[in-house]
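Chain by chain, the residues:
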Protein chains: 2
Amino acid sequence: MALTDSAFRKLQKIVGKSSCSRKKEDLVCYAYDATAQSYLPDAVCFPGNTKEVSTILSLANQEGFFVIPRGSGSGMTGGSLAVSGGVILVMARFSRILEIDKGNLIAHVEPGVVTGRFHRAVEKEGLFYPPDPASSEFATLGGNMAECAGGPRAVKYGVTRDYVLGLEAVLATGEIIHTGVQTTKGVVGYDLTRLLIGSEGTLGIITQMTLRLLPLPEAVRAMTAVFDKLETAAETVSEVIRRGIIPRTIEFMDNASIRCAESRLKIGLPVEAEALLLIEVDGKVDETDVIIKQLRTVCMSMGAKNIKIADTKEEADNLWKARKAISPALYQFAPDKINEDIVVPRSKIPDMVRKINSLKEETGLIMVSFGHAGDGNIHFNIMLDKKNKTELKKAEYAIDILFDYTLELGGTISGEHGVGITKSAYIEKEIGSVELNLMKKIKKVFDPKGILNPGKIFPS
Amino acid sequence: MALTDSAFRKLQKIVGKSSCSRKKEDLVCYAYDATAQSYLPDAVCFPGNTKEVSTILSLANQEGFFVIPRGSGSGMTGGSLAVSGGVILVMARFSRILEIDKGNLIAHVEPGVVTGRFHRAVEKEGLFYPPDPASSEFATLGGNMAECAGGPRAVKYGVTRDYVLGLEAVLATGEIIHTGVQTTKGVVGYDLTRLLIGSEGTLGIITQMTLRLLPLPEAVRAMTAVFDKLETAAETVSEVIRRGIIPRTIEFMDNASIRCAESRLKIGLPVEAEALLLIEVDGKVDETDVIIKQLRTVCMSMGAKNIKIADTKEEADNLWKARKAISPALYQFAPDKINEDIVVPRSKIPDMVRKINSLKEETGLIMVSFGHAGDGNIHFNIMLDKKNKTELKKAEYAIDILFDYTLELGGTISGEHGVGITKSAYIEKEIGSVELNLMKKIKKVFDPKGILNPGKIFPS
């Protein structure tokens, strides 16, 4: 399946010479993603419109070379890596926000639009696009679609899937399809839209999206609650929901996360605390005032040691800076990171916390947990030196146990990062053989020759 | 594909003699649905658990007889009709609410549970399941899943699809699958859950569901606004949303609908009005007070002639009684009803209203429109005598034009009723041949021999 010289020349003809390269210095720039793994593609192409994507794919389907769609390459599981060579299709030129339709609360956008830019554009119109992955300042909406990105606001607002009404996509055959509708309702035929969402670029390449918007909440308030036991923090999360309060985010950080963020930012985080909850509520001004007070009461009654309500936007922004600083700051502990993205039913977070603590003791590894406690989504990190085989083995052992326990608790081994290459070896823990077989057959329907993003999701 | 005597005896063995019949008097009871069409099945079976469904399907797959799943038979497009004979599988015995989990805001339920019963059960726990089709007092949750039911609250809360986290289903081969997760997040493999939702019983038979719940809103307030022009009412709907107010329902009735409801209920509806909006808001008590006042201001400024805010629950209930009385009361106009379920982007409702008015004038037919204006979903009814061939021809002409115009406005020809048999002849207006071909291939993956609910969705 190598890219022939003649196929490369045809690619250059389709997109123009300046938008197609196989120079090593260009290839290197599109060989990596957030997994820190690297695979050199055979070529990199920057198509400028749907027709070019279609022509490229129909060429690939004829000639038999692989095509791997790519947004910003910020994925955590290798979804945009050319693991078997092939042509990387960088969707950066699909960067137009085509329409923001206030009367119908929808937007038509292209997949190369960076999520944060889209947030600001709709907010300027008094509108709101809730999905907000931590990578929103560099990840693209197209990548968000491919992975079904989540983020902290899912506890109240759901995930990417809940905000996509319709798609334009190109199949492996080069055929262009239109799925879904422009309205909340629509039940004509099978739901191809949501079949494409989260399919990690293995079923088609998304070239346009119709997204659902909400009115921008009038006010947002943030607070932190400090706990001297991680379990107490975890129990507080459940209690908040049980009382019928749905904040827009309930993030948690364990002690290692707090130290990490503080060492980087020096903003006076409580480095002695075992756990910190960062809670954000939104709605009408009066409403948020009332809910923040209710939350203070709940947190106090559950045993919070210290509660701080952000008075200004700056204070709130600082709290978020701390939360977002954790992941990159983790490398102070060790050169390598194994990053997992498990989800358990919210009420099971205390059980999971106990299990992580026992694994930490048993293995002696550096483990850091933080994440979206409101929806049960825990980003669990093992910091290690992968060259140290003993450490690596222990880490693999810990992850195996952790995944089994996640599933035992009724959870899932990937909440928002996808399967890609890093979790494909584990997919059979969660998905039964009959279901996996259905998925493989669906893949075959969409991509009979297997040219689209090979080596992802399915175990080899 | 007729059911042989020996296959019937095997069926009786699987579910027990008392749960399987081919007596005509039994068959007649399961031959109809809300389309008022009737097809006698070869047998009717009442399986009691997933294993029985699985055994029945694997038998059907071997012997080659058709199986048609059925809830309460309240579908509007013929989804549960045995159009080519076969065995009707009545899911009524799957009637258990297995768990309502307050801490995780989920419920595990069986498909035979009547939607209204489920509403009351979760409301007793202070929880809320928003999807609320007009048929909720007799339709089952399983049927709601199969059709992706909507209802009036979709404008704020979305549709059935948005409240399903995971499913247990039986494939045509008899294999039992589990899809999805128990949490908001979960991205392991393709989204089989939403592929099954809205697939109208053609891909598998759902035997258990994990549903997402919300906290029950503290207060609900209802109001009506009367307009002397239908277009003004339609424009008011858009204006409400444009101002960032999202009521939980915005229903509209045209003059014929108002007269219909009044003739049945005699509750003093404004029979001279050209249009009536029934708006409902929910949230905290203070919040709903504020929003109701805002809504009054918007409606007045748009030209409403009369506004009435329900002071008591009884008053609000009466308004809903009126809304729900329309559909059955329509038969006072004529013996037959052609019922369509179009959706247009909310801002296009005035255009659609103008088109309907012009079609009414052109054809002289009795047309009645009402529905979920908040999400652009219009239930458009032509009342006629189908034996009158001239009327029938005119009606078919009107529907053809209406569907084309719906699609021209960016809408869909079925918002919440599915395709079934009554819309399958029109599906190619909305779904392109490439997309339809994908759907047919997906059907083949799930049901290689085509034994599950034949004759639905796809044009023959």
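Scroll up to find the structure.
Residues numbered from 1 in each chain as written. Chains lettered and ligands numbered in written order. Predicted model: local features only at pLDDT ≥ 70, side-chain atom pairs only at ≥ 80, totals over all residues. Heavy atoms only, no water.

Asker: How should the overall build of chain A be read in this particular structure?
Answerer: Each helix and strand in chain A was counted, giving 15 helices and 18 strands. Taking 2.2 N^0.38 as the reference for a compact globule, 460 residues should give roughly 23 Å; the C-alpha atoms of chain A span a radius of gyration of 22 Å, in line with that estimate. C-alpha atoms of chain A, sized along the principal axes, occupy 70 × 60 × 45 Å. Across the 460 residues of chain A, 63% fall into the buried class. Relative to all contacts within chain A whose residues are 6 or more apart in sequence, the contacts with residues 24 or more apart total 72%. Surface summary for chain A: the accessible area is close to 16,600 Å², and the carbon and sulfur share equals 49%. Charged side chains in chain A number 57 positive and 57 negative. The centres of these two groups are separated by 4 Å. (Helix = DSSP H or I, 4+ residues; strand = E, 2+ residues; numbered from the N terminus. Rg over C-alpha atoms; globule rule 2.2 N^0.38 Å. Buried < 20%, exposed > 50% of the residue type's maximum accessible area, 1.4 Å probe, protein only. Contact = heavy atoms within 4.5 Å. Areas by Shrake-Rupley, 256 points an atom, 1.4 Å probe, with all protein chains shown as cover. Lys, Arg positive; Asp, Glu negative; His and termini not counted. Charge placed at Lys NZ, Arg CZ, Asp CG, Glu CD.)

Asker: Mind showing me how you'd approach the pattern of salt bridges here?
Answerer: Any two side chains of opposite charge can pair, on the condition that their charged atoms come close. All names here are of chain A. This structure, assessed with the given rule, holds 50 salt bridges over all chains. A salt bridge links Asp132 to Arg153; the nearest nitrogen and oxygen atoms lie 3.6 Å apart. Taken together, the residues Asp132 in the loop between strand E7 (127-128) and helix H5 (141-147) and Arg153 in the loop between H5 and helix H6 (154-157) connect sequence positions 21 residues apart. A single burial state applies to Asp132 and to Arg153, both of which are buried. Ionic pairing is found between Arg221 and Asp289, a salt bridge with its closest N-O pair at 2.6 Å. Note that Arg221 is positioned in strand E12 (residues 219-227) and Asp289 in helix H10 (residues 285-302), a separation of 68 residues in sequence. By relative accessible area, which is 22% here, Arg221 ends up partly exposed. Given a relative accessible area of 28%, Asp289 falls into the partly exposed group. (Salt bridge = Lys/Arg side-chain N within 4 Å of Asp/Glu carboxyl O.)

Asker: Where do I start with unusual backbone geometry in this structure?
Answerer: If a residue is not glycine, its phi is most likely negative; likewise, a peptide bond is most likely trans. Backbone geometry at Glu200 of chain A places phi at a positive 55°, although glycine is not the residue there. Following the sequence through the fold, Glu200 of chain A ends up in the loop between helix H7 (192-196) and strand E10 (205-212).

Asker: For this particular structure, what's the right way to read helix H4 (residues 115-124) of chain A?
Answerer: At 3.6 residues per turn, the α-helix brings residues three or four places apart onto the same side. Residues and elements named next belong to chain A. Listed in full, the buried residues belonging to H4 are Thr115, Gly116, Phe118, His119 and Val122. Looking straight down H4, one finds its buried side chains confined to an arc of 160°; they lie on one side. Where the residues of H4 are buried, they touch strand E5 (97-101), strand E6 (106-109), E7, H5 and E10. Backbone geometry just after H4 places Gly126 at a positive phi near 75°. (Arc of directions from axis to C-beta.)

Asker: Any chance you could explain the relation of the copies chain A and chain B here in plain terms?
Answerer: Both copies of the chain are tied together by a single rotation about an axis and a shift running along it. For these two chains of identical sequence, chain A goes onto chain B by a turn of 180° and a shift of 0.0 Å along the axis, with RMSD 0.0 Å. The two molecules are tied by a two-fold rotation axis, judged by turn and shift. Looking at chain A, 100% of its interface residues are interface residues in chain B too, so the copies touch through the same face. (Least-squares fit on C-alpha atoms with pLDDT ≥ 70 in both.)

Asker: Sorry if this is basic, but what is going on with the packing of aromatic side chains here?
Answerer: Under the definition given, this model contains twelve aromatic pairs over all chains. Aromatic pair Tyr129 of chain A and Tyr163 of chain A: ring centres 6.1 Å apart, planes at 75°, arrangement edge-to-face. With Tyr129 of chain A in the loop between E7 and H5 and Tyr163 of chain A in the loop between H6 and strand E8 (164-170), the pair connects residues that are 34 residues apart, well separated along the chain. Taken as a pair, Tyr129 of chain A and Tyr163 of chain A share a single burial class, namely buried. Centroid distance Phe118 of chain B to Tyr129 of chain B: 5.2 Å. Interplanar angle 70°. Geometry classified as edge-to-face. Taken together, the residues Phe118 of chain B in helix H4 (residues 115-124) and Tyr129 of chain B in the loop between strand E7 (127-128) and helix H5 (141-147) connect sequence positions eleven residues apart. Comparing Phe118 of chain B with Tyr129 of chain B, the two get one shared label, buried. Taken together through their ring pairs, the aromatic side chains of Phe118, Tyr129 and Tyr163 of chain A make up a single cluster. Of note, Arg70 of chain A hangs over the ring of Tyr32 of chain A, and the distance from its end group to the ring centre comes to 4.8 Å. Positioned above the aromatic ring of Tyr405 of chain A, the side-chain terminus of Lys355 of chain A is 4.6 Å from the ring centre. (Phe/Tyr/Trp six-rings, centres within 6.5 Å; stacked < 30°, edge-to-face > 60°. Lys NZ or Arg CZ within 6 Å of the ring centre and 35° of its normal.)

Asker: What exactly am I supposed to notice about the interface of chain A and chain B here?
Answerer: Think of interface size as the accessible area that goes away when the parts come together; that is how it is often given. Residue-level contacts link 76 residues of chain A with 76 residues of chain B. On the chain A side of the interface with chain B, the three residues burying the most area are Lys185, Val188 and Tyr190 of chain A, jointly 16% of the side's total. Between the two partners, chain A and chain B, sit six salt bridges. With its nearest N and O atoms 2.9 Å apart, the salt bridge here joins Lys185 of chain A to Glu416 of chain B. Linking chain A with chain B are 22 residue pairs in polar contact (both at pLDDT 80 or more). Of all elements in the fold, only strand E9 (176-180), H7, helix H8 (230-242), H10, helix H14 (427-430) and helix H15 (433-446) of chain A reach the threshold of two or more residues within the side of chain A that touches chain B. Among the elements that line the side of chain A that touches chain B, the one with the most residues is H15 of chain A, at nine residues. Its residues placed into classes, the side of chain A that touches chain B shows 32 nonpolar, 25 polar and 19 charged. (Buried area = accessible area lost by both parts, 1.4 Å probe. Polar contact = N/O pair within 3.5 Å; in protein donor to acceptor, adjacent residues only side chain to side chain. Nonpolar A, V, L, I, M, F, W, Y, C, P; charged D, E, K, R; others polar.)

Asker: Any chance you could explain the sheet that holds E10 of chain A here in plain terms?
Answerer: Residue and element names in this part refer to chain A. Strand order in the open sheet formed by five strands is E5-E6-E10-E8-E9, and the pairing between neighbours is antiparallel. Two strands lie at the open edges of the sheet, namely E5 and E9, each paired on one side alone. Here the strands of the sheet are splayed against their neighbours by 10° on average, with no regard to which way each runs. Across the sheet, helix H3 (residues 50-63) lies against E8, E9 and E10, angled at about 50° from E8, the strand it touches most. (Pairing = 2+ DSSP bridges. Axes fitted to C-alpha atoms, helices over the stretch in contact; angles between N-to-C directions.)

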